[in-house]
Amino acid sequence: MTSLLEAYQEVVGPQVVQELLVVAARVRHRSMQHINSTAVGGGVAEILTRLLPLLADIGVRATWDVIRGDQRFFEVTKAIHNALHGKGPPLTPEMWEVYQAATRANLEQVQLKGDVIFVHDPQPAGLVEARERIGRQWVWRCHIDVSTPDESTWGFLRPLVELYDAAIFSMPEFAQSLSIPQYLVAPSIDPLSDKNRELDAGTVSATLDRHGIDAGRPVLTQISRFDRLKDPLGVIAAYRLVKQRHDCQLVLAGGGAADDPEGEQTLEEVRARAADDPDIHVILLPPLSDLEINALVRGSTIVFQKSLKEGFGLTVSEALWKGKPVIGGAVGGIRIQVLNGVTGYLVHSPEGAANRALELLRNPALCRRMGENGHEHVKQNFLLTRQLKDYLLLMLALEHPGERLIRLP
Ligand code: UDP
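Residues numbered from 1 in each chain as written. Predicted model: local features only at pLDDT ≥ 70, side-chain atom pairs only at ≥ 80, totals over all residues. Heavy atoms only, no water.

Time to look at a nonpolar patch on the surface. The grouping of Val22, Leu393 and Leu408 at the surface amounts to a nonpolar patch, some 200 Å² of accessible area in total. Its location among the elements puts Leu408 in the segment after α16 (384-399). (Patch = residues over 30% accessible without salt bridge, like charges linked within 9 Å, V, L, I, M, F, W, Y side chains within 5 Å. Areas by Shrake-Rupley, 256 points an atom, 1.4 Å probe, with all protein chains shown as cover. Salt bridge = Lys/Arg side-chain N within 4 Å of Asp/Glu carboxyl O. Helix = DSSP H or I, 4+ residues; strand = E, 2+ residues; numbered from the N terminus.)

Right, here's the structure in full:
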C-alpha cells in the first residue's frame, strides 16, 4: 500500500481503503477523464485537485482538462449557472450562440482521450456532441442545485444532457426527469489537504494576528468566493444584529474563480457595506490560500455559509470537520451537512442567522458539542474516499448497463 493510502487509512480506517482497492481492481482497465472550466477557484476544481492523486494511487488512470473561453463566454455560462439555480434572467438565443461557438472551439482544443469522460457542470457540457464521432462513455456531473431551474434555460441544456450515458446530481432533490440514468453522489473534502489537515495553534494565531483579528474575542467567519448567491451582504447584516448584543468580529474571506466574471463587483459591494467598521475583516485571498483558509476557520468561533442558493457548499464540511458549528442558509446541499440543531443551524434570513449566532455565542458547551457532531457527520459521509468509491462504482455500473446486481469478488 502506498504511503498516501496509509495516511487515508489512518483517518477512515482499513475497511474503507480495502473496499476502494477491491472496486478499483474491477475498473482500472478503463481510464477516466475529467473536464471542467477552471483549474482554480470553486468547489469543482478543489475536488479534482485532490481526487486525481488519489486515483493514481489506487491505480486508476485519470486525467483532467480545462476548457477555454473568453470573457463573453464566461458571462454567458455564469448567466446559465444563475438561471439553473432559478436566480437570474433566462438565456437568450444570442447567448446560446456564444455558448455553442465556444463549444465548437473547445472541441478542436480538448483531446478527448478517456474511456469514461466526466464533464462537470454546464460550461463544458456541449462537448458531448463529439460522442457520435468518437464513442466512449459520457457522464454529466452536475454540481448545481437544478431543482427549480429557469425552464427555458434548462430547455436549452436538457437536450445536451440527454446525449450523455448518465448524469450525476449531488442530492435526490436535484434529480430531473431525464431519459438517461441518474446517480446521486455528494461532493466531499480531503482530510489530508492543506485546507483541512490539523494545524498547530501557533500557525492559527499567527494567521489571525497577520489580519489584525483578535483571538481573544469571538470570530464569525464566512469563506466564499465573492458571489451574490453566497449572500455576503446578508452575513454583514447578521453580524450587525449580533453586535448590538454580543461582542464579535466578522471575517469575510475569499477570492474569485477564473470562470466567474461577477466577483469583483460583489467584492466592491461588500467593501462598501463593511465601510470603516474595524471589526469587519474583508480578506481578498489569492488562489491557493489553503493553509490560510484552514487557519482562519480554525481560529473562528462560528462559521457561516449563508448562501441563497448552493449546489453543495464544500466550505460547510470544511468547517464541520474542524469542529466548528455552522450557520447555513437552508438551501441545496447545505441541508445535508448542517443537521439543524445537531451540527449547526439552518436559517432563512439575516435575523435568523443573528439569533442562532447569539445562541451559540452564549453557550460555548453547545458550540463544542455541535462541533463534535459535525466532525463525525463529515467523517461518515463527506470525505474524499467515499466520493471516490461512488465514482468507481459508477464506472462499474456503466460497464453493466441494466444489471441490478454486480458481484464483486
Ligand atoms: N475557496 C478557496 N478560496 C477562496 C474561496 C473559496 O479556496 O477564496 C474554496 C473553499 O474553501 C471550498 C471551495 O473553494 O473548498 C468552494 O467550494 P463551495 O462548494 O463551497 O462553493 P463554490 O465556490 O463551488 O460555489
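Turning to the packing of aromatic side chains, a few remarks are in order. Counted according to the given criterion, the structure contains nine aromatic pairs. Judged by centre distance (6.1 Å) and plane angle (75 degrees), the rings of Trp138 and Tyr164 are edge-to-face. With a gap of 26 residues between them, Trp138 in strand β4 (residues 137-141) and Tyr164 in the loop between α7 (151-161) and β5 (166-169) connect regions that are remote in the sequence. Tyr164 shares its class with Trp138; the two are buried. One aromatic cluster is present, built from ring pairs that chain together Phe73, Phe74, Trp96, Tyr99 and Phe156. In this structure, Arg356 is placed above the aromatic ring of Tyr345, and the distance from its NZ or CZ to the ring centre is 4.0 Å. (Phe/Tyr/Trp six-rings, centres within 6.5 Å; stacked < 30°, edge-to-face > 60°. Buried < 20%, exposed > 50% of the residue type's maximum accessible area, 1.4 Å probe, protein only. Lys NZ or Arg CZ within 6 Å of the ring centre and 35° of its normal.)

Right, let's get into the nonpolar core. For soluble globular proteins, nonpolar side chains are generally found buried alongside one another. Membership of the largest hydrophobic core comes to 60 residues, with the highest contact counts inside it found for Phe118, Leu388 and Leu392. If one sorts the elements of this core by residue count, α16 sits on top with eight residues. Sequence-distant contacts of Phe118, that is, excluding residues within four places in its chain, are made with Met32, Gln33, His34, Ile35, Val139, Ile168, Tyr391, Leu394 and Met395. Listed in part, the 38 residues of the second largest apolar core include Ala79, Val110, Val146 and Met171. (Core = buried A, V, L, I, M, F, W, Y, C linked by side-chain atoms within 4.5 Å. Contact = heavy atoms within 4.5 Å.)

Attention now moves to the environment of Gly135. Mapped onto the elements of the fold, Gly135 is located in the loop between α6 (131-134) and β4. The class for Gly135 is partly exposed, based on a relative accessible area of 26%. Spatially, the C-alpha atom of Gly135 lies 16 Å from that of Glu108, the residues being 27 residues apart in sequence.

Ordered by their spatial adjacency, six strands build an open sheet running β9-β8-β7-β10-β11-β12, and the pairing between neighbours is parallel. Of all strands in the sheet, those bounded by a partner on one side alone are β9 (280-284) and β12 (344-347). The sheet shows a mean angle of 20 degrees between the axes of neighbouring strands, taken without regard to direction. Sheet topology places strand β7 (residues 219-223) next to strand β10 (residues 302-305); two bridges connect them, and they run parallel. Following the sheet pairing, Thr221 is matched in β10 by Val303. Against the sheet, helix α11 (residues 290-298) engages β7, β8 (249-254), β9 and β10, with an angle of about 145 degrees to β7. (Pairing = 2+ DSSP bridges. Axes fitted to C-alpha atoms, helices over the stretch in contact; angles between N-to-C directions.)

What follows concerns the site of the ligand. The ligand sits among 16 residues. The nearest are Gly43, Arg225, Lys230, Gly255 and Glu318. The side chain of Lys195 places a nitrogen or oxygen atom 2.8 Å from an oxygen atom of the ligand. One of the backbone nitrogen or oxygen atoms of Gly255 is found 2.6 Å away from an oxygen atom of the ligand. In isolation the ligand has 540 Å² of accessible area, and contact with the protein removes 88% of it. Secondary structure elements with two or more residues in the shell around the ligand: α3 (43-57) and α12 (314-321). Its residues assigned to classes, the shell around the ligand shows three nonpolar, seven polar and six charged. (Near = heavy atom within 4 Å. Polar contact = N/O pair within 3.5 Å; in protein donor to acceptor, adjacent residues only side chain to side chain. Nonpolar A, V, L, I, M, F, W, Y, C, P; charged D, E, K, R; others polar.)

Looking along a regular strand, one sees side chains alternate from face to face of the sheet. Burial along β5 is two-sided: Ala166 and Ile168 facing one way and Ala167 and Phe169 facing the other are all buried. Summarising the sheet, β4 and β5 pair through three bridges and their orientation is parallel. Residue Val139 lies in a different strand from β5, and its bridge partner there is Ala166. Note that the unit made of β4, α7 and β5 has a crossover that is right-handed. For β5 and strand β6 (residues 182-184), the ladder comprises three bridges, and the chain directions are parallel. Residue Ile168 lies in a different strand from β6, and its bridge partner there is Tyr183. (Right-handed = clockwise from strand over helix to strand, strands pointing away.)

All right, on to the packing of α3 against α16 then. Close contact between α3 and α16 brings their axes to 11 Å; oriented N to C, the two are set at 70 degrees. Between α3 and α16, the crossing angle belongs to the class labelled roughly perpendicular. Counting all contacts with α3, which are made through Ile47, Arg50, Leu51, Leu54 and Leu55, the residues of α16 involved are Leu384, Gln387, Leu388, Tyr391 and Leu392. Here the contact of α3 with α16 is built from residues that sort into eight nonpolar, one polar and one charged. (Parallel < 35°, antiparallel > 145°, perpendicular 65-115°, else oblique.)

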